[in-house]
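Take a look at the letters that make up each chain.
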Amino acid sequence: MTRREAAAALHRSLSRFVAHDEAEITLSLVAAKARQHGALGSPDLASAVRACRGHGDHWPRVLEIHASSVVRGFGSERLIGNLLIDVYAKNGLLRWARQVFEGLSVRDHVSWVAMLSGYAQNGLGIEAFRLFGQMHRAAVAPTPYVLSSVLSACTKAELFAQGRLVHAQVYKQGFCSETFVGNALIALYLRYGSFKLADRVFSDMPFCDRVTFNTLISGHAQCEHGERALEIFDEMQLSGLRPDCVTVASLLAACANVGDFQKGKQLHAYLLKAGMSLDYITEGSLLDLYVKCGDIETAHEIFNSGDRTNVVLWNLMLVAYGQISDLAKSFEIFCQMQAAGIRPNQFTYPCILRTCTCSGQIELGEQIHSLSIKTGFESDMYVSGVLIDMYSKYGWLDKARRVLEMLGKKDVVSWTSMIAGYVQHDLCEEALATFKEMQDCGIWPDNIGLASAASACAGIKAMRQGLQIHARVYVSGYSADVSIWNTLVNLYARCGRSEEAFSLFRAIEHKDEITWNGLISGFGQSGLYEEALKVFKQMGETGARYNVFTFVSSISASANMADIKQGKQLHCRAIKTGHTSETEVSNALISLYGKCGSIEDAKMEFSEMSERNEVSWNTIITSCSQHGRGLEALDLFGQMKKEGLKPNDVTFIGVLAACSHVGLVEEGLSHFKSMSNEYGVTPIPDHYACVVDILGRAGQLDRARKFVEEMPIAADAMVWRTLLSACKVHKNIEIGELAAKHLLELEPHDSASYVLLSNAYAVTGKWSNRDHVRKLMRDRGVKKEPGRSWIEVKSAVHAFFAGDRLHPLADQIYSFLADLNDRIAKIGYKQDNYHLFHEKEQEMRDPTSFVHSEKLAVAFGLMSLPPCMPLRVIKNLRVCNDCHNWMKFTSDVTGREIVLRDVYRFHHFTNGSCSCGDFW
């Protein structure tokens, strides 16, 4: 055999071995050829390069071959150069690939495609697009493969505008009929979210392959367009193409998203019948279907028969049991995973942590947190986001903040979780400070972050900041986001900006229950109760469905107006719609009847509840306490504890107030001590004020003063005002002056403080001191709040001031009142308003000026309402001794029930006695 024949035979062997990817043999044959014949041609070097493709451990040989080709003068040849570009590009060495590309003497389409593909595969879309421009300027006509590569690069780099330009070139070059170009266009538009354009490209394609259908099905399934994905699958079957594992995996995901369990099970059967081997993606999709459709038992069977080394399957089982809040089973799976030696990934911890959050097992979540630190996931943004959410939801905001601070790189989800946590716990100022901090770090807020910030503004009525966030919504492109608009509607409504709230409300095309509820609750929280109830009425007229929050907000608005008539109508509507079975609605109804003076209705609603929570017990205890039924309130407190419910700070305010209203001093003090000793509740100023009230009402003023002086926290205005009020009742001017001194330092412009001190001096006959206090008020520009009372008659609310003669029926009212006073005087009533004025003042004042507003309201009610109806009067100040005594006699003479709600409590007057037992 001649040397030429031997070289040819060796070259044929080379080619055969390369085809079989036998890299080592190929390189050995190249070396043998070099030893035997002394020279290697360009085809030989090309074969060697092909042999090294995909073999990272052959890099030294690749470099050696590259160097050899340069030395032998083949460095600029296309055959070797194109292969080297491909090898370097596929291994991420783009700089070397570009160097070879630039060194080619002549570039063909293979050269351009190799370089473009390299950029595309490495996510360098801009570089690929620039190279495409260079190719165009070089007058090289693009081939379908070139255009496909550029489109893939634009898709990966999300260069959608550039991708549209390439699409134009596709039309211009007439390559629309090329299937792989169409596939690349579909992938581009699906990634961009333009499903209509993707479907249009699909419909224009003359021939579609399996890749076409898989790309479309996968794209729609990933965006939860399950129904459309299934429609495309039907078209695929009609075209005669058989689905593969990729198709089925995407279809299973589509079925899971739309809840089409039957179709999903058919696909499962098809997998088994077709004998397809389940890869980890198909197994995961199949398991996900059964998990999302609630068939946990079958899901577990699939899991047991699947690849137990696949961490995705373990994660899906954690999700499965988390979905049904079975923390025990979820934790068991997690422990089995650890025992099997499966290393958790960044999705494992969030799965189990979410279950801990839903189950309220925050301590277990804390242990999982520790484990995540040990396994190196403490800095993972996904894990940290779930941890922040968990700690925030249960009020562990310091820990949540610590997790955020430990993150080296914070993303928008981490910041938003922290902001939402602050808002959830009414720490709105902290939420807004964190929102600003996020922006200062260069993180642009998403729709959830903007909605949370707007909620924070609503919580503290920060209208100025709210306007800035409203502007940011437009700048950020979220002007069509309904969730943000709903929050903004609530913001304007809570800030009392009714016109702006209605304007935004009307601008929302598709209003949901959240939109209506945001407006109703916003008006209710800003004191625009009538507006809230008008919106409720409009909601019903439009056919929108009421939900729990609708009724709670509307009933609360009626309660705050003390409009029992409107409240009962709402109660009837709630019964018709079946919402009275909701605990929150019943709680609102108890509060309504309690605030409207109908304590029996409140007790009935409470007794008919199938389930009660802490709010239910707190509301009925507080209501009984305010209505003078202290012993009933304390009995309810005992029942609450027997049912295993833990009292909170609100519970103890009701309990302490009950003890105060019935004079149970020692029992009240015992309950106060038990707060921290037995229940771990830290007293707040309201609790201390209640204790001072207990001691003050009982006349134990020295003990009350000592209690205030020994408080572990600084006494606030409420505490000192309570002590001063007790001093006025018991005529203890020494302690009263001490309380007034502190009170005027804390609230120098509060008229009630001056009035209390002035009256304390008056009842003790210290007229000069009283006059000094009144002068001090005038000098400081403080005006006394006038006493005012309201009564509803025939759906109209009538208001009265002391000595009021502005009412249209003033003459008849005063005439009726004079006759009534004569009648009650005959059974022992004596007016007692003069103790606040000395003799000269009494002589100078008009006798009608001593007629307080509640007397006028009661007289008008007696004149106007039928005998069967109780009189319900509201007063903005504490009822005085004389009016309290007058109403007892009036109820006895007239035989009518009078319910008076003053600023502190309710008084029920019947048959000459009051529910407070004259202890108020």
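Residues numbered from 1 in each chain as written. Predicted model: local features only at pLDDT ≥ 70, side-chain atom pairs only at ≥ 80, totals over all residues. Heavy atoms only, no water.

## Things to note about the overall build of the protein
Counting secondary structure elements, the protein contains 50 helices and 6 strands. Expressed as a percentage of its 920 residues, the buried residues of the protein come to 49%. (Helix = DSSP H or I, 4+ residues; strand = E, 2+ residues; numbered from the N terminus. Buried < 20%, exposed > 50% of the residue type's maximum accessible area, 1.4 Å probe, protein only.)

## Describing the UniProt feature "repeat: PPR" (unreviewed entry) in the protein
According to UniProt, the feature "repeat: PPR" (unreviewed entry) maps to residues 108-142, 209-243, 310-344, 411-445, 481-511, 512-546 and 613-647 in the numbering used here. Between the first and last C-alpha atoms of residues 108-142 the distance is 11 Å; the span itself is 74% helix and 0% strand. Note that residues 613-647 is 74% helix and 0% strand, and that its end C-alpha atoms are spaced 11 Å apart. (UniProt positions renumbered as here; feature names shortened; annotations may be inferred.)

## Notes on the packing of aromatic side chains
Considering all chains together, one arrives at 22 aromatic pairs under this definition. When the centroid spacing of 5.3 Å and the interplanar angle of 85° are considered together, the rings of Phe261 and Tyr290 count as edge-to-face. Of the two residues, Phe261 is situated in helix H16 (residues 261-274) and Tyr290 in helix H17 (residues 280-292); the sequence distance between them amounts to 29 residues. Considering the side-chain rings of Phe502 and Phe523, the 5.4 Å spacing of their centres and the 45° angle between planes classify their relative orientation as tilted. (Phe/Tyr/Trp six-rings, centres within 6.5 Å; stacked < 30°, edge-to-face > 60°.)

## Some points on the packing of helix H18 (residues 296-305) against helix H19 (residues 311-323)
The contact between H18 and H19 brings their axes to 11 Å, and the two run at 165°. In terms of axis orientation, H18 runs roughly antiparallel to H19. Handedness of the H18/H19 crossing: left-handed. Residues Ile296, Ala299, His300 and Phe303 of H18 touch H19, and the partners they reach there are Leu313, Trp314, Met317, Ala320 and Tyr321. A breakdown of the residues in the contact of H18 with H19 according to their chemical character gives 8 nonpolar, 1 polar and no charged. (Axes fitted to C-alpha atoms, helices over the stretch in contact; angles between N-to-C directions. Parallel < 35°, antiparallel > 145°, perpendicular 65-115°, else oblique. Left-handed = near helix turned anticlockwise from the far one by under 90°. Contact = heavy atoms within 4.5 Å. Nonpolar A, V, L, I, M, F, W, Y, C, P; charged D, E, K, R; others polar.)

## Digging into the pattern of salt bridges
Pairing of side chains with opposite charge becomes possible as their charged atoms draw close. By the definition in use, this model includes 28 salt bridges. One salt bridge connects Glu747 with Arg721, and the closest N-O pair in it is separated by 2.4 Å. Taken as a pair, Glu747 in the loop between helix H44 (733-746) and helix H45 (751-763) and Arg721 in helix H43 (residues 717-730) lie far apart in primary sequence, 26 residues in all. Relative accessible area serves as the criterion here: at 27%, Glu747 is assigned to the partly exposed category. A cluster of three or more residues bridged by salt bridges with shared partners is formed by Asp199, Arg228, Glu231 and Glu235. (Salt bridge = Lys/Arg side-chain N within 4 Å of Asp/Glu carboxyl O.)

## Things to note about helix H24 (residues 397-406)
Among the residues of H24, Leu397, Ala400, Arg401, Val403 and Leu404 are the ones counted as buried. Along the long axis of H24, the arc covered by the buried residues comes to 155°, so they all point the same way. Exposed and oriented more than 90 degrees from the buried face of H24 are Asp398 and Met406. Residues of H24 that are buried make contact with helix H22 (362-374), helix H23 (381-393), helix H25 (412-424) and helix H26 (428-440). (Arc of directions from axis to C-beta.)

## Quick word on helix H40 (residues 665-678)
For H40, which comprises 14 residues, the first-to-last C-alpha distance of 19 Å matches the rise-based estimate of 20 Å (1.5 Å per residue) to within 8%. For H40, every residue scored as buried is listed here: Val665, Gly668, Leu669, His671, Phe672, Ser674 and Met675. As for H40, its buried residues are in contact with helix H38 (630-642), helix H39 (649-662), helix H41 (685-697) and helix H42 (701-709). Once H40 finishes, Gly680 follows within two positions and takes phi at roughly 65°, a positive value. (Expected span 1.5 Å × (residues − 1).)

## Section: the sheet that holds strand S4 (residues 898-901)
The 6 strands are arranged S2-S1-S3-S4-S5-S6 in an open sheet whose pairing can be described as mixed. Bordering the open sheet on either side are strand S2 (796-801) and strand S6 (913-914), each of which pairs with just one other strand. Where helix H49 (residues 853-864) meets the sheet, it contacts strand S1 (788-793), S2, strand S3 (871-875) and S4, and its direction lies at approximately 10° from that of S1. (Pairing = 2+ DSSP bridges.)

## Section: the packing of helix H37 (residues 614-626) against H39
One can describe the packing of H37 onto H39 by two numbers: an axis separation of 8 Å at closest approach and a directional angle of 20°. It follows from the interaxial angle that H37 and H39 lie roughly parallel. The two elements H37 and H39 meet at a crossing, and its hand is left-handed. Of the residues in H39, those in contact with Asn618, Ile621, Thr622, Ser625 and Gln626 of H37 are Val650, Thr651, Gly654, Val655, Ala657, Ala658 and His661.

## Focus on the nonpolar core
Counting 223 residues, the largest nonpolar core has Leu287, Leu519 and Leu723 as the members making the most contacts within it. Sorting elements by how many residues they give to this core places H19 first, with 8 residues. (Core = buried A, V, L, I, M, F, W, Y, C linked by side-chain atoms within 4.5 Å.)

## A short note on the state of the cysteines
A complete count under the given rule lists 0 disulfides for this structure. Summary of cysteine pairing: Cys428 is not part of a disulfide, and the nearest cysteine sulfur, belonging to Cys457, is at 8.6 Å. With relative accessibility at 6%, the residue Cys428 sits in the buried group. (Disulfide = S-S within 2.5 Å.)

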